[in-house]
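Single-letter residue listing:
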Amino acid sequence: MKDLFYQYIQTLQDTIVAGLESVDGHAKFREDLWQRSEGGGGRTRVIENGAVFEKGGVNISAVHGKLPEAMQKMFNVGEADFFACGLSLVIHPKNPMVPTVHANWRYFEMYDDQGNILQQWFGGGQDLTPYYLFEEDAIHFHQTCKTACDQHNPEFYPKYKKQCDQYFWNAHRHEARGIGGLFFDYCKASETMSMQDWFNFVTEVGDSFLEAYVPIVEKRKHLPYTEAQRNWQEIRRGRYVEFNLVHDKGTLFGLKTNGRIESILMSLPPHVQWVYDHHPEPGSPEEKLIKVLETPINWI
């Protein structure tokens, strides 16, 4: 399974990078290959200063070795070997009318002393972080997520949409990071779902990413915007940074397993602001967004 999924994310990285380069029309992704001293490595691809995308990364990694002590405590296990691979992406557009997007699909194995698999699971999801709320974009993104889920189980979309709203919650701000999407984790074999079934589901979601995001970018990338709207985008990006550094499990996993720091922190935007005690004008489009973030919406 680990070989099958790693082959999949290699191909998916190529597909997504090609799709985003086509949308941007100017910038190309730069590639860095890296190795982890404890075992494994990755292929980081970053785009910067494009016509559409100010900064973004589409990264894959496959790491293995002894499970770090911090992760042993997290999983409540003793010493063990592990393997983890995944694709993680974050795209920050230049135009504040175009939303930031994040996605991740991953696979994990843990072994006993004889190398037998003790645990294995899939995780992942995709979510949208707009700076200005276009309800039709939110509906499109969620409908694409639901369509992918419904191919496998009609209960998946409402379940994983709710988990996304709960996970991407900036608790210290009492607001969501964005308008959600899907989030699933610890997807293990059961009486109703084999690991092959989970593979089929996760790859269905991964294959839906460009369909979920690119039409929104194409629709919004040429809209005019003001300096004030750009400032608002940078303030909201500050909240994005706060979530990634304080709450995000993927960021913490990378930091605790001696991951490549440049790849881990590629999710941070290049231009960002923290304005003291900032509040949007009452009745403004900015306030409209905040109200939605304070109370997640069922878009479908």
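Everything below is about the structure shown above.
Draft legend 1. Just the side chain of Arg 45, in detail. Along the chain, Arg 45 turns up in strand 2 (residues 40–48). Polar contacts involving the side chain of Arg 45 include one to the side chain of Glu 31, which spans 2.9 Å. Those residues in contact with Arg 45 that sit more than four places away from it in its chain are Gln 13, Asp 14, Val 17, Phe 29, Arg 30, Glu 31, Gly 56, Gly 57, Val 58 and Asn 59.

Draft legend 2. Layout of the nonpolar core. In this structure, Phe 5, Leu 89, Trp 105 and Tyr 213 are the most contacted members of the largest nonpolar core, which totals 65 residues. Of the residues forming this core, the biggest block, 8 residues, is contributed by helix 1 (residues 2–24). Beyond its immediate chain neighbours, meaning those up to four positions away, Tyr 213 contacts Leu 20, Phe 53, Ile 91, Pro 93, Val 98, Pro 99, Val 101 and Leu 128. The next biggest cluster of nonpolar side chains, apart from the first, holds 11 residues, and it includes Trp 34, Phe 82, Ala 84 and Phe 108.

Draft legend 3. Inspection of the sheet that holds strand 6 (residues 117–129) at higher detail. Taking strand neighbours across the sheet as the criterion, the 7 strands line up as 1-2-3-4-5-6-9 in an open arrangement whose pairing is antiparallel. With one partner strand each, in any of the chains shown, strand 1 (30–35) and strand 9 (180–187) form the two edges of the open sheet. Neighbour-to-neighbour, the strand axes of the sheet open up by a mean angle of 5 degrees, direction not taken into account. Where helix 4 (residues 156–167) meets the sheet, its contacts fall on strand 6 and strand 9, and the angle it forms with strand 9 comes to roughly 100 degrees.

Draft legend 4. Layout of the pattern of salt bridges. Scanning the entire structure with this criterion turns up 24 salt bridges. Here Arg 230 makes a salt bridge to Glu 54, at a shortest N to O gap of 2.6 Å. With Arg 230 in helix 7 (residues 227–246) and Glu 54 in strand 3 (residues 53–66), this residue pair connects regions lying 176 residues apart in the sequence. Neither Arg 230 nor Glu 54 differs from the other in exposure class; each is buried. Salt-bridge contacts for Arg 106 lead to Asp 185; the nearest nitrogen and oxygen are separated by 3.4 Å.

Thresholds, definitions, all that
Residues numbered from 1 in each chain as written. Predicted model: local features only at pLDDT ≥ 70, side-chain atom pairs only at ≥ 80, totals over all residues. Heavy atoms only, no water. Helix = DSSP H or I, 4+ residues; strand = E, 2+ residues; numbered from the N terminus. Polar contact = N/O pair within 3.5 Å; in protein donor to acceptor, adjacent residues only side chain to side chain. Contact = heavy atoms within 4.5 Å. Core = buried A, V, L, I, M, F, W, Y, C linked by side-chain atoms within 4.5 Å. Buried < 20%, exposed > 50% of the residue type's maximum accessible area, 1.4 Å probe, protein only. Pairing = 2+ DSSP bridges. Axes fitted to C-alpha atoms, helices over the stretch in contact; angles between N-to-C directions. Salt bridge = Lys/Arg side-chain N within 4 Å of Asp/Glu carboxyl O.

Nothing here speaks to function; it is all geometry.
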